[in-house]
Amino acid sequence: MPDYSCRKTLSMYDKVKIWLLKTKTTPDIVGLLDNATEQINHGTGDVCVFGSLDGLKVSIYTGWINIVGSLPKFLNGNNINDFGRKNTKEAIEKLSDRLGCNVSSGKITGLEFGRVFSMSQPIENYLSRLGEMPNLLRYRFEAGTLYYKPRGKQQTKVFIFYDKRAEAKEKGFKLPVGFEDMNLLRYEMRLNGRLPQQLGVTEVKASTLSEIKFYISLVKRYQESYFAISRNNRINIRAMEEIKTVSDALDMFVARLINKSGKGEITAFLDELRGLNVFDDRKYYYRLKKRLQEIAEKAGDPEPDQLLQELDDEINNTGAYI
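Bear in mind the structure is a predicted one, so any value in this text is a computation, not a measurement. (Residues numbered from 1 in each chain as written. Predicted model: local features only at pLDDT ≥ 70, side-chain atom pairs only at ≥ 80, totals over all residues. Heavy atoms only, no water.)

1. Some details on a nonpolar patch on the surface
For step 1, the next point in the chain: Taken together, Leu-250, Phe-253 and Leu-257 make up a surface patch of nonpolar side chains, about 310 Å² in accessible area.
For step 2, the next point in the chain: Looking at the element boundaries, Phe-253 is found in helix α8 (residues 246-261). (Patch = residues over 30% accessible without salt bridge, like charges linked within 9 Å, V, L, I, M, F, W, Y side chains within 5 Å. Areas by Shrake-Rupley, 256 points an atom, 1.4 Å probe, with all protein chains shown as cover. Salt bridge = Lys/Arg side-chain N within 4 Å of Asp/Glu carboxyl O. Helix = DSSP H or I, 4+ residues; strand = E, 2+ residues; numbered from the N terminus.)

Below you can see the structure in the form of structure tokens.
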């Protein structure tokens, strides 16, 4: 394995969820919290305290403490600049000092991992080129955002692409100097619940986040998930210029659908027809297959897409320095 220890990091952690077991030596941290409020469970009499610490949400229960928030914001005040293993270790050490207890032993129950990329064109131009991701549903809730998430309530893994500058404007926070006029695309991987099972490790503690092997595995998962997304390549312009009639346009539309879903869709469709015994004469299946293949070829080869190549390069470079 290459020696990554001296290289600059390009990926980063953001929001994490830390579950910290209280022991006899755990100090009383209620006095450290801002806007602390108490909530009493009238069934058990247990008192829970909710507050914040330098932007992190802290919840204190009878036997444990939950800490949720952005590590880069906690350490540096923003989550735009690169924030990797070394910065993560510094943030956990700072949090341990602030609370007076060993946070590094806390379990990580959720994490966000990603990066903000400075792109040459508006973010929507890139999102429109990204198609489907295997085993996840594609959602466009609003312009400038693209989600890939599971069906149902168990959101164990979610991948998000969004316009960071638009988010800053909407939420009213200032971008760091020099980033104000950039086209900022954030690609983020969110993992929640049962992280050891998801990531194939024995445990994930706060100290695990800065371990080189674990970090590399996240970078690899981050990249592989991106490259698993299908591409909405642009149709060859010369093929479009050959459209003269409504029939030509209809064939081109069908060709685009076939090429987008993959030519294996033709075989799957024919198999389905055969299973239903649609045609009495078997040569009709051959004729249909030939006709669909001819239509698919009318679209021509997709033109090289410079924007997709730009984004591909950015994702690849994420793993160049660990």
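Still more ground to cover, so stick around.
2. Re the nonpolar core
For step 1, the next point in the chain: Among the nonpolar cores identified, the biggest contains 58 residues, and Leu-95, Leu-111, Phe-113, Leu-130, Tyr-148, Phe-161 and Leu-218 are the most heavily contacted of them.
For step 2, the next point in the chain: It is helix α6 (residues 212-227) that contributes the most residues to this core, six residues altogether. (Core = buried A, V, L, I, M, F, W, Y, C linked by side-chain atoms within 4.5 Å. Buried < 20%, exposed > 50% of the residue type's maximum accessible area, 1.4 Å probe, protein only.)

3. Some remarks on the environment of Ala-168
For step 1, the next point in the chain: Position of Ala-168 relative to the elements: it lies in helix α4 (residues 164-171).
For step 2, the next point in the chain: Residue Ala-168 is classed as buried on the basis of its relative accessible area, which comes to 4%.
For step 3, the next point in the chain: Once the C-alpha coordinates of Ala-168 and Glu-180 are considered, the two residues, twelve residues apart in sequence, prove to be 9.6 Å apart.
For step 4, the next point in the chain: Excluding residues that lie within four positions of it along the chain, Ala-168 makes contacts with Phe-173 and Leu-175. (Contact = heavy atoms within 4.5 Å.)

4. Some details on the packing of α6 against helix α11 (residues 306-318)
For step 1, the next point in the chain: Axis separation between α6 and α11 bottoms out at 9 Å; the angle between their running directions is 165°. Here α11 runs roughly antiparallel to α6, going by the angle between their axes. Pair α6 / α11 crosses with left-handed handedness. Counting all contacts with α6, which are made through Val-219, Tyr-222, Gln-223, Tyr-226 and Phe-227, the residues of α11 involved are Leu-308, Leu-311, Asp-312, Ile-315, Asn-316 and Thr-318.
For step 2, the next point in the chain: Looking at the contact of α6 with α11 residue by residue, the classes come out as seven nonpolar, three polar and one charged. (Axes fitted to C-alpha atoms, helices over the stretch in contact; angles between N-to-C directions. Parallel < 35°, antiparallel > 145°, perpendicular 65-115°, else oblique. Left-handed = near helix turned anticlockwise from the far one by under 90°. Nonpolar A, V, L, I, M, F, W, Y, C, P; charged D, E, K, R; others polar.)

5. Structural notes on the confidence of the model for the protein
For step 1, the next point in the chain: Looking at the protein, the pLDDT average stands at 87 and 90% of residues meet or exceed 70.
For step 2, the next point in the chain: Across the protein, element-level confidence peaks in strand β9 (residues 157-163) with a mean pLDDT of 97 and bottoms out in helix α7 (residues 237-241) with 67.
For step 3, the next point in the chain: Here residues 1-10 scores under 50 on pLDDT; set against residues more than four positions off or in separate chains, the count is 23 contacts. (pLDDT = per-residue confidence, 0-100.)

6. A closer look at the sheet that holds strand β2 (residues 34-40)
For step 1, the next point in the chain: Strand order in the open sheet made by the ten strands is β2-β3-β4-β5-β1-β6-β10-β9-β8-β7, with antiparallel pairing throughout. Where the open sheet ends on each side, the last strands, each with one partner, are β2 and β7 (137-139). Taken over all neighbouring pairs, the strand axes of this sheet differ in orientation by 15° on average, direction set aside.
For step 2, the next point in the chain: Inspection of the sheet shows β7 paired to strand β8 (residues 145-149) by three bridges, in the antiparallel sense. In the sheet register, Tyr-139 faces β8, and the bridge partner there is Tyr-147.
For step 3, the next point in the chain: In the packing of α4 onto the sheet, contacts are made with β6 (107-119), β9 and β10 (183-192), and the angle to β9 comes to roughly 80°.
For step 4, the next point in the chain: With respect to the sheet, α11 is in contact with β6 and β10, its orientation differing from that of β6 by roughly 135°. (Pairing = 2+ DSSP bridges.)

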